[in-house]
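Reading the structure
Each chain, letter by letter, is given below.
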Amino acid sequence: MLTQDERNRIRAEAAHYDHPQAACVEALKIVQEHHRWVSDEHLKEIAALLDMSPEALDSVATFYNLIFRKPVGENVILLCDSVSCWIMGYEGIRAHLKEHLGVELGETTSDGKFTLLPMACLGTCDRGPAMMVGNELYRNLDNDKVDEILARYRHPSGA
Amino acid sequence: MATIYVDDRPYEVDPAKNLLEECLSKGLDLPYFCWHPALGSVGACRQCAVKQYRDENDQRGRIVMACMTPAMDGARISIRDKDAVQFRAGIIELLMSNHPHDCPVCDEGGECHLQDMTVMTGHNYRGYRFGKRTFTNQQLGPFINHEMNRCITCYRCVRYYRDYAGGKDLDAFASHNHVYFGRHEDGALENEFSGNLVEICPTGVFTDKTLKQHYTRKWDLQTAPSVCAHCSLGCNTIAGERYGQLRRILNRYNAQVNGYFLCDRGRFGYGFVNGDRRLRQPRLLQDGESRPVSGAEALKRTALLLGRQSRVIGIGSPRASVEANFALRTLVGSRNFFSGMAPGEEHLVARMLHVLRGAGVRTPSLCEVESADAVLVLGEDVTQTAPLLALAIRQAVKQAPRRQAMQLRIPRWDDAALNEVMQQQKGPLYIATPAGTRLDEAATQCFRGAPDDVARLGFAVARALDATAPPVRGLSREERAAVQAIAGALRKAERPVVVSGSGCGSEAVVDAAAQVARALGGAGTANLCFTAAECNSFGLGLLNAMGTAEAFQRVADGLVDTVVVLENDLYRRVGRASVEAMLASAHVVAIDHSATDTVAGAEVAFPSGTFAETEGTMVNNEGRAQRFYQVFVPQGEVKPAWSWLGELAQAAGRTELTGLRSPDDLLAALGRAVAAFEGLPERVAGASFRVNGEKVPRLSPRASGRTAVSANVNVHEPKPPEDPDSPLAFTMEGYPQQPPSPLITRFWAPGWNSVQSLNKFQAEVGGALAGGDPGMRLIEPVANGAAAYTDEIPPAFRRRAGEFLVVPLHHIFGSDEQSAVAPAVAQRSPGPYAALSPEDAQTLGVQDGEFVEIELDGGMFQLPALLMSSMTVGVLGVPVGIGSLRGVDLPARSRCRRV
Ligand code: SF4
Ligand code: SF4
Ligand code: FES
């Protein structure tokens, strides 16, 4: 069930448009913010709120690869695999991340802390290799820096 | 007209069209996927690439998509250009990169547009050596099979299903090379026109699940032009058989009637032909025991019943052909021939025909409804009673916004651009019915009320259109506002259509629709589209039969010895007691294709052919007479009803049917006997018709196994059955090319094995069939004569305490007698219910699903309550043809209580 707060926020977004459907991407983002991903049940609830069929909404949700239709970990790592980062050593970072986390691309660590995903471009080609964790962008990565960053997310309070 | 040059040859073209349409219209082969004549262009697949040149000096040119380029005067293109050829081959190679190459096990194989286009582009060897993405398929219900790996991402399915048919539960998911077309979860596709996906999808993703259960390749099916027998619209179909079983129904294009589409009842309702309820042997009832007998024995018994001294009456049927009904009428005499329709329906059919044949109105074809720019629906739930009419209305609501959008100089075919401008705008559509309908979502405004209030709304609209029409008193302010809005929209429209029918059982509603049309027509005529209950209701109506109730009266009065019942289950028409009284006091001879309750109670029963095993004519709601042809020779002693009638007459020594030995003879006699059918016999391609001296084959030249199919019985190749009654032959021999349009047994052209070969059968792509669309309109508007208004306006509906007005609610799946027993359709049919408004439910103290009892026609019926928020208060809806409630004329008043 969506929380009252989510419903209110979605309704408020929808009120900005002639057709409530226009708010569908915002609505998906709101729900993802609360639950990290959009489940089938939530999808149907949002669809009903916006007067859409679940198909129409899911068609939008699945189009965007940053709307997650499967559960993800507490922190989603988006590792840039575009040309500039690749030149600057993306493959090494990827190998290190995989080993460090014990997961392949597209997987979530068993403790549910991290999900590792590839990303086409983070818009910071001059500072590659780059990745995002949650909403934070990290640039000029090397293995040590990666370890340090991940440690921060593992023990958020011990900073 | 404009001139374009294709590979340096000039062609006269219509500049409002695009290059692809025009190339195809000129008979040129240019491959395409995403474009469809009914859907327009989006330029999604890039398959229709051609080279376009600026002028005759331009040597380089540039690649353009033919479907996205207007056929402008002076345009110079090349289909054969090397770059264009290579481009097209490259595109198909890309489209095919994930395709599983599983044609041998694919139901589309042999009639696949993807196969045809692949061959046409010359892409023979695949270069893609990598893993292919694979999908999980979905269970989409009893009609459609899903095999997503074969998808080439042309987007036709969603464009048809969502944009054209108004479906909600099919969409495109995800992106790049894993775009998926399906539902958000498994489940039956909800749209009533889902079956068209089978023909819209150019690959084997969406295929006919009912065909899969007894699969046969297209080239092995014996096919004939047929007409749908499941509602009054008479959509044209191609029915296919093998091994004595009807195996599938495909669309048969008729630009005036069904165009490219069928509804799911029409496509998947054929199962009754193969069903175990079929009667295949004559039966005699003796000492309460029914036993199968030979035809000779049954005829011997009947001879006694039909003898000269015997007083014989005949009861016809709205689901039997005109010829069969006329044969019965001829046998018993017109004063002894009764329609066999339910008395209420019979009355309404007569009324509708009277209106349509009077002044001031014109009955439009479905195609004309599609191009209407304002529609008023009175009393009819068209999605359930005349499905394709609902599909036509869904197109009509796009007319007005499209016209606006086209003012931005967007061509008619540029679908994506038009949609972008039109967004969700809808043209005027007003619906007034007792309960909510599926079309409501497309409507400008809906009005709910008892049939009398629906009629009053109509009468008031007529008055608002023409001050000389009688006024309606006592309308609420809300109703008056609706009336003004409706009248305003109709008046403003260029091509308004009023739609109504017998669906809610109300004469006042029919009259009101007529009144609106007359008021709208002024001195000219306005389009008035009526629907009736069955496939040949109007054909039977034109035969001027006597009223069904009178037949029962005559029997009750002891004036009848024998009743011949033609393809009619009387229990569906009148109350059980009446039928039983008739069975008890007269000798009943029934002729029918299935073992109905009437057949079970008849003294003698003869097995007749279904639409697929006989030939005949039906008259649709437009008044269009259309011939359907026999598809195959039935097993057992099944014969056409008219043929049994001839034998019956002969056995009894009667001469009425002497010389009327074929449908042609009967039709010719009908043309002489009944004015409405004058001229029809001359228009029909009769049995003696030949093309170049040859018959038209029902089998394709590739049909396999001719020498072996019956080898388990006899190793000698059997002689193919003869067909003395039609210009078609039960063989693969005959005229090898395109026959005249009424005799099209399949769509096929060299290099075009799929249904897309239809392009080659049309005079112009998307237009009429070459040589004209089949069928003949029997009802044309009367040139002049004043349209008289009726002032019989019913008073407003007043509910009485503790009492309900019971109205019929129709279901596309379940309400039609014949299709209801087809297994696939039966799976989608609802169970019995009593629908009532939540308000009334509360008063009665019933919850959803709890039983209520109603009393109708002296019988008590217990039904589970169905709470319907759109139901008019004081009105209760029961499903037509579903459950035990049969033979009751509705609407009727009834008490209702909680059980
Ligand atoms: S499923 Fe068929 S119609 Fe739909 S996109 Fe794929 S190939 Fe085209
Ligand atoms: S049931 Fe009616 S609408 Fe459907 S295909 Fe048959 S004739 Fe057409
Ligand atoms: S048919 Fe022209 S791009 Fe698809």
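Some details on the overall build of chain B
Each helix and strand in chain B was counted, giving 27 helices and 36 strands. Expressed as lengths along the three principal axes of its C-alpha atoms, the size of chain B is roughly 90 × 80 × 55 Å. Restricting to contacts in chain B with at least 6 residues of sequence separation, those with at least 24 account for 75%.

Focus on the overall build of chain A
A tally of regular secondary structure across chain A gives 7 helices and 4 strands. What you see in chain A, going N to C, is helices and strands ordered as α-α-α-α-β-α-α-β-β-β-α. Considering only C-alpha atoms, chain A reaches an extent of 50 × 35 × 25 Å along its principal axes. With 159 residues in all, chain A has 34% of them scored as buried. Long-range contacts, defined here as pairs at least 24 residues apart, represent 58% of the contacts in chain A between residues at least 6 apart.

Digging into the interface of chain A and chain B
With 9 residues of chain A in contact, the opposing surface of chain B contributes 11 residues. Along the lines of polarity and charge, the residues of the side of chain A that touches chain B split into 3 nonpolar, 4 polar and 2 charged.

Focus: the sheet that holds strand E24 (residues 587-592) of chain B
Backbone hydrogen bonds are what pair the strands of a sheet, in a parallel or an antiparallel way. All names here are of chain B. An order of E14-E13-E25-E24-E23-E15-E16 is seen for the 7 strands of this open sheet, with the pairing classed as mixed. Only two strands of the sheet have a single neighbouring strand rather than two, namely strand E14 (289-292) and strand E16 (337-338). Relative to strand E15 (residues 312-315), helix H9 (residues 322-332) is tilted by about 165°, and along the sheet it contacts E15, E16 and strand E23 (562-566).

Considerations on the sheet that holds strand E22 (residues 526-531) of chain B
Residues and elements named next belong to chain B. As summarised here, the arrangement of the 6 strands in space is E17-E22-E21-E18-E19-E20, forming an open sheet in which the pairing is parallel. Two strands in the sheet have a free side with no partner beyond their single neighbour: strand E17 (361-362) and strand E20 (445-448). In terms of strand pairing, strand E18 (residues 374-378) meets strand E19 (residues 429-433) through 4 bridges, oriented parallel. Across the sheet, residue valine 377 finds its bridge partner in E19, namely isoleucine 431.

Digging into the site of ligand 1
The environment of ligand 1 is formed by B:Cys151, B:Ile152, B:Thr153, B:Cys154, B:Tyr155, B:Arg156, B:Cys157, B:Phe181, B:Cys201, B:Pro202, B:Thr203 and B:Val205. Its residues placed into classes, the shell around ligand 1 shows 9 nonpolar, 2 polar and 1 charged.

Some points on the domain arrangement of chain B
Along its sequence, chain B is organised into domain 1 (2-95), domain 2 (130-213), domain 3 (283-342 + 540-746), domain 4 (346-532) and domain 5 (803-898). Distance from the C-alpha centre of domain 2 of chain B to the C-alpha centre of domain 3 of chain B: 40 Å.

Considering the nonpolar core
Residue and element names in this part refer to chain B. Judged by nonpolar contacts, the single largest core of 273 residues is most densely connected at Leu376, Leu389, Ile393, Val461 and Ala834. The biggest single contributor to this core is helix H18 (residues 507-521), with 10 residues. Every residue in contact with leucine 389, bar those within four places of it in the chain, is listed here: Leu233, Leu366, Val369, Val382, Val499 and Thr531.

A closer look at the confidence of the model for chain B
Confidence in the prediction for chain B averages 95 pLDDT; 100% of positions are at 70 or higher. Overall fold confidence for the complex sits at a pTM of 0.96, while the interface term, ipTM, reaches 0.92.

Some words on the pairing of strand E31 (residues 803-809) of chain B
Residues and elements named next belong to chain B. In terms of burial, E31 is largely enclosed, as 6 of its 7 residues are buried. Bridge analysis of E31 against strand E36 (residues 892-898) gives 4 bridges, and the strand direction is antiparallel. Paired with valine 806 across the bridge in E36 is alanine 892. Note that E31 and strand E35 (residues 875-879) share 5 bridges and pair parallel. Residue pairing for E35: proline 808 is matched across the bridge by valine 878.

Describing the packing of helix H2 (residues 82-95) of chain B against helix H3 (residues 113-121) of chain B
Residues and elements named next belong to chain B. At their nearest, the axes of H2 and H3 sit 9 Å apart, and the two run at 140° to each other. Judged on the interaxial angle alone, H3 and H2 are oblique. Of the two elements, H2 crosses H3, and the hand of that crossing is left-handed. Residues Arg88, Ala89 and Ile92 of H2 form the contact with H3, whose participating residues are Met117, Thr118 and Thr121.

Thoughts on H9(B)
All names here are of chain B. Burial runs high along H9: 11 of the 11 residues are buried. Where H9 is concerned, the buried positions are Val322, Glu323, Ala324, Asn325, Phe326, Ala327, Leu328, Arg329, Thr330, Leu331 and Val332. Immediately downstream of H9, the backbone of glycine 333 shows phi near 95°, a positive value.

Things to note about unusual backbone geometry
Cis geometry marks the peptide bond from A:Gly128 to A:Pro129; its omega dihedral reads -10°. Within the secondary structure layout, A:Pro129 lies in the loop between strand E2 (114-119) and strand E3 (131-133). Residues B:Leu890 and B:Pro891 are joined by a peptide bond in cis, for which omega reads 0°. Structurally, B:Pro891 can be placed in the loop between E35 and E36.

Points about the environment of B:Leu30
Residue and element names in this part refer to chain B. Here leucine 30 lies in the loop between helix H1 (19-25) and strand E3 (49-53). The spacing of leucine 30 and proline 739 is 709 residues in sequence and 24 Å in space, taken between C-alpha atoms. Once you skip the residues sitting within four places of it in the chain, leucine 30 turns out to touch Leu20, Cys23, Leu24, Cys48, Val50, Ala66 and Ile79.

A look at helix H4 (residues 54-63) of chain A
The element H4(A) is extensively covered by neighbouring structure, given that 8 of its 10 residues are classed as buried. Where H4(A) is concerned, the buried positions are A:Pro54, A:Glu55, A:Ala56, A:Leu57, A:Asp58, A:Ser59, A:Ala61 and A:Thr62.

Rules of the game
- Residues numbered from 1 in each chain as written.
- Chains lettered and ligands numbered in written order.
- Predicted model: local features only at pLDDT ≥ 70, side-chain atom pairs only at ≥ 80, totals over all residues.
- Helix = DSSP H or I, 4+ residues; strand = E, 2+ residues; numbered from the N terminus.
- Contact = placed C-beta atoms within 7 Å.
- Buried ≥ 20, exposed ≤ 12 C-beta atoms within 10 Å, placed from the backbone.
- Nonpolar A, V, L, I, M, F, W, Y, C, P; charged D, E, K, R; others polar.
- Pairing = 2+ DSSP bridges.
- Axes fitted to C-alpha atoms, helices over the stretch in contact; angles between N-to-C directions.
- Near = placed C-beta within 6 Å.
- Domains from an automatic or database assignment.
- Core = buried A, V, L, I, M, F, W, Y, C linked by C-beta atoms within 7 Å.
- pLDDT = per-residue confidence, 0-100.
- Parallel < 35°, antiparallel > 145°, perpendicular 65-115°, else oblique.
- Left-handed = near helix turned anticlockwise from the far one by under 90°.

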